[in-house]
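The primary structure of each chain is shown beneath.
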Amino acid sequence: MKISRRSFLKTAAAIGASLAWVEPARGSRVHWNERRDLYPQGVASGDPDPHSVILWTRRPFAQGTRQLLTVEVAEDEAFRRVIAHAQAPVSSAADWTTRVLIGGLKPARTYWYRFTDTDGNGSRVGRTITAPLPNDPRTVNFAFVSCQDVNEGKLNAYRRMIYEDERAPAAQQLDFVLHLGDFIYEVVEYPDETKTRYDRTIYEVARIPDGHKVGNFHIPLTVDGYRAIYKGYLADPDLQDARARWPFVAMWDNHEFSWQGWQSIQKAAGKERPGQSIKVAANQAWWEYLPSRCKKVSGPSLESFDPPALTNVAIEKWDENGLGDEPNNLAAINSLIGYRSYRYGRHLDLIITDQHSYRGADPFSDPSLAKLGGDEFIDMAPETLMQALDGGRAFNGGNPPAEVSFGDAHVPNPQKDKPPQTILGATQKAWFKDQLRKSTATWKIWGNSEGALDGRSDPQNLPPGLTKETWPKDTYASMSPPDYGMAYTERAEIYDLIRDAKITGFAIVSGDRHSFWAGYATSQLPPGKFEPVGLSFVGASLSSAGTMEALEHSLPKDAPLRPLFLADKATGAPDWTHNMLLRHGVRACLEYAKSFDLERARSLSNPDLAPHLEFVDLGGHGYAKVQLSADEMRTEFVCIPRPITRSERPDGGPIRYRVLHTAALWKSGERPQLKTSVLEGDVGLAI
Ligand SMILES: [Fe+2]
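Summarised in this report is the structure supplied together with it. (Residues numbered from 1 in each chain as written. Predicted model: local features only at pLDDT ≥ 70, side-chain atom pairs only at ≥ 80, totals over all residues. Heavy atoms only, no water.)

One recurring pattern in soluble globular proteins: nonpolar side chains tend to sit buried together. Counting residues in each nonpolar core, the largest one holds 100 residues, and the members touching the most others are F142, L178 and I445. Counting residues per element, this core draws most heavily on helix α5 (residues 276-289), at 8 residues. The residues contacting I445, other than those within four sequence positions of it, are F142, L348, D349, L350, I351, A507, V509, L628 and M633. (Core = buried A, V, L, I, M, F, W, Y, C linked by side-chain atoms within 4.5 Å. Buried < 20%, exposed > 50% of the residue type's maximum accessible area, 1.4 Å probe, protein only. Helix = DSSP H or I, 4+ residues; strand = E, 2+ residues; numbered from the N terminus. Contact = heavy atoms within 4.5 Å.)

Below, the structure is given as structure tokens:
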């Protein structure tokens, strides 16, 4: 199917790009002389479809407010067969960035592109790949990544990804990179103020103009602050090389706007402030630095974001789904629509959602809940309590408990009259369900920036006397961060739809947790009915510090429950029993920390704790690769050592392990089944 120029023009206008149309191949007409220093953030491409892709660069000029570059697209790396030659405007209004949508390309093809200014100063050459046609049966390969903190680490994972991809057979090379957020961290540390954190050296990233400060973190409040951070991040050579090698399909997580923010509310270290103009500034900078097909609602310009002028006012009215009914809030969160879907050949429908712009208030943070105690149980909260808070007024068929309790302590249920928690919000959820129902691809992959797998433990099985407080009888402990792993009601709504509509080939890929997880999507866990409707994966951080690094530095040596998290040996770093806690439970951990006998420890595994989990490594870093075919999904975790310093090796340094999770496509009504195999290295207690 050929797209017409007319529909192409409409698409380009909607996403705010400039246009170029393919023409017959000829030699290059520009005198390109590579000057990477004049294009300090490199080049990028985004959101390929079978006939078009968006190309990006940044070329700042000291004089004037607008200049024209030339963009060329070629069928060969030497630019002997140039098939598109067009103007690419850069202007100070978009911080000297440009987006050009190239139309009329052939499906499933590799192209090369470059930008040149009127003096012949050229960008580096980028490579991009178009999507196959919807009926194309070829295997699809992509990587999913997240959390690339370069303030506290290095991106050796990208170097490894590039090194392996260059050497892979053509049919296994990556088609695109799915970036699931935390492309930047808006909380910036300055090395002259903070030298180290955990095992980390603090590296210089940016100085934030007109920002504010929370603890050690400098935080942007304007578009110039966010732009400064993107420029600092994109100075990283490994990130630049990755963007020049593959098209990226990207979605923001929390840190592209605000650490604990939601809707347009800015929140850091527990303090909220109205942030309508800050949310728009975050959206503007994201749009300027990540080429995508996200819908820009704010204006018709092809060159700049044209932010709406908004007032930062407290939201006082909320609709029945928890959406802040305030005009500035609605304009801010709708200034850039991130959720979207892509068909990629016969086997992939990629459905991407926004987990932050439309979510309701956090149901788990009412201050009254602190009175319940349970502090000895590190990061654990009774699962039944969390489910009641998540369910709000709809819990238990509309009969929520008047009080919530922990042992003998009781407080009034703060969520009794509130709507059930939504992360997606009503409008996006309706869209998402529609995408699921309509999908005809073999695999329906949900790119959800937040991990969706439950992390839980079984402190009800602890021997008496270990703690002063007593864990409530017959109750598992929820240990998920407050993410999609605790969106019990909304998750069940979606999983039940998948079951009832008999949808097969459903899998979630996610990030945010700074750890590797593999398992099953299920509405309930024992004592409820374990009924998996799909697969669920979390990819580790590229560089950001994770749970185990934090615990190694902060968990007191004499904490009574320390063996559930860390098993101290006579010499060397402790073993990460936290992984075992989530897979096998407290009895296995206590045995392992005593005897270091893995077999004996696993023989004490609690089979009802985590039938949904095949693999958990809370200390992993790296990336995940997915391969999709007519009958199989293969997900490979490539784990690298803690990326504290930049590896100078061409392969990005050693790997810790490589693990492959395979699942055959299941028929409607059948259960998905994962098979996990360690291909190389040592996975520790992750299985
Ligand atoms: Fe992160």
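Read on, since the account is not over.
The strand order β22-β23-β27-β30-β32-β31-β33 describes an open sheet built from 7 strands, whose pairing is mixed. Looking at strand neighbours, the two that pair on one side only are β22 (340-344) and β33 (613-617), the edges of this open sheet. If you compare each strand with its neighbour and ignore which way they point, the axes differ by 20° on average. The strands touched by helix α9 (residues 426-438) are β22, β23 (348-353), β27 (443-450) and β30 (506-511); relative to β23, the strand with the most contacts, the crossing angle is about 175°. (Pairing = 2+ DSSP bridges. Axes fitted to C-alpha atoms, helices over the stretch in contact; angles between N-to-C directions.)

Moving on to the environment of A518. Within the fold, A518 resides in strand β31 (residues 516-522). Residue classification places A518 among the buried positions, given a relative accessible area of 0%. Sequence spacing of A518 and L613 is 95 residues, and the spatial spacing of their C-alpha atoms is 6.1 Å.

Attention now goes to the sheet that holds strand β24 (residues 381-382). If you trace the 3 strands from one edge of the open sheet to the other, you get β24-β29-β28, paired in antiparallel fashion. Looking along the sheet, the strands with just one partner apiece sit at the ends: β24 and β28 (456-457). Of the strand pairs in this sheet, β28 and strand β29 (residues 477-478) are connected by 2 bridges, and their pairing is antiparallel. Looking at β29, one finds that R456 is bridged to S478.

With that settled, the discussion passes to the coordination of the iron ion. Note on the iron ion: its protein donors are C147 (SG), D182 (OD), Y185 (OH) and H514 (NE2). The metal-donor distances range over 2.1 to 2.4 Å. In this structure, the iron ion is surrounded by 4 donor atoms whose angles at the metal cover 84 to 170°, and the resulting shape is irregular. Every donor residue of the iron ion comes from the same chain, spaced as C-x34-D-x2-Y-x328-H. With a gap of 367 residues between them, C147 in the loop between β11 (140-145) and α2 (156-167) and H514 in the loop between β30 and β31 connect regions that are remote in the sequence. (Donors = N, O, S within 2.8 Å, 3.2 Å for Na, K, Ca; no water. Tetrahedral: all angles 85-135°; square planar, octahedral: opposite > 155°, others 65-115°.)

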